[in-house]
Amino acid sequence: MPGRILVSRRAIAVPMLLAALTAPPALAHRREGDAGGVADAQGRYGVVFPAASAEPNPELTPGALNPRVTQANIRSSICVAGFTRGIRPAEGYTERLKREGIRAYAYADHRLRDYEEDHLISLELGGSPDSPRNLWPEPHHVIGGWGSYAKDRLENRLHRLVCGGRIPLAQAQYDISHDWIAAYRRYVAEQPRPQRGHRYGD
């Protein structure tokens, strides 16, 4: 017809697809500096936090030790398979701390699934199981990959080194509680590798 502009369906679909891909996820809370949301295996979105959120606030979460674990007894405590299962705090307790911690850290994202209530000094390294000074809501996804999944890998690596007699327990505890990213770079790799699977952290 005269004056009618013909546009192919493909020409319409491409801009619509680009808009859908670049639009902010409906379920993701955004903060200044965030990179947006990432999807998990179920298609749910999680927030990507700024790099500054990777480390806990040392005033709120300085770390705390389990007095039952010492260098002298690691062979009968942390180096025994299943040790952490017997001392892990109840889920109701850690969920309450997670809610309180999200408020204390002033996170804009209040969805519990975007965090792990993590032991700064992990149970497998002799960290206190239930001290609020050793637990904080650690974001799963942080710019650069420095979220809870990377810290889990560091915890496992340090546990192997301690139980293998390659570093003292006190050194592992100090390194992970004072700057776990520097410890990751020292003991694991310069940068975290992409990782989707997640184990509940010790």
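Structure shown above.
*Asks:* Mind laying out the packing of aromatic side chains, listing which residues take part and the relevant values?
*Replies:* All told, the structure shown has six aromatic pairs when counted by the stated rule. Taken together, the aromatic side chains of Phe49, Tyr105, Tyr107 and Tyr115 make up a single cluster linked through ring pairs.

*Asks:* Quick rundown of unusual backbone geometry? Include the residues and the values.
*Replies:* In the Ramachandran plot, Ala106 falls in the positive-phi region, its phi being about 60° despite a non-glycine side chain. In this structure, Ala106 sits in the loop between α2 (91–104) and β3 (115–119). We classify Ala106 as exposed; its relative accessible area is 60%.

*Asks:* Any details on helix α5 (residues 180–187)? Residues and values, ideally.
*Replies:* All buried positions along α5 are accounted for by Trp180, Ile181, Ala183, Tyr184 and Tyr187. Down the axis of α5, the buried set is contained in an arc of 160°. They therefore lie on one face. Taken together, the buried residues of α5 touch β4 (135–139), α3 (148–163) and α4 (169–178).

*Asks:* Quick rundown of the pattern of salt bridges? Include the residues and the values.
*Replies:* Tallied over the full model, the rule gives eight salt bridges. The salt bridge partner of Arg96 is Glu100, with a shortest N-O separation of 3.0 Å. Of the two residues, Arg96 and Glu100 both sit in helix α2, four residues apart, roughly one turn of that helix. Assessed through its relative accessible area of 43%, Arg96 is described here as partly exposed. On the accessibility criterion, Glu100 (32% relative accessible area) is partly exposed. Between Arg111 and Asp114 there is a salt bridge, with the nearest N and O atoms lying 2.7 Å from each other. Like Asp114, Arg111 is buried. Among the ionic contacts, a cluster of salt bridges with common partners joins Asp109, Arg111 and Asp114.

Thresholds, definitions, all that
Residues numbered from 1 in each chain as written. Predicted model: local features only at pLDDT ≥ 70, side-chain atom pairs only at ≥ 80, totals over all residues. Heavy atoms only, no water. Phe/Tyr/Trp six-rings, centres within 6.5 Å; stacked < 30°, edge-to-face > 60°. Helix = DSSP H or I, 4+ residues; strand = E, 2+ residues; numbered from the N terminus. Buried < 20%, exposed > 50% of the residue type's maximum accessible area, 1.4 Å probe, protein only. Arc of directions from axis to C-beta. Contact = heavy atoms within 4.5 Å. Salt bridge = Lys/Arg side-chain N within 4 Å of Asp/Glu carboxyl O.

Geometry only, nothing functional implied.
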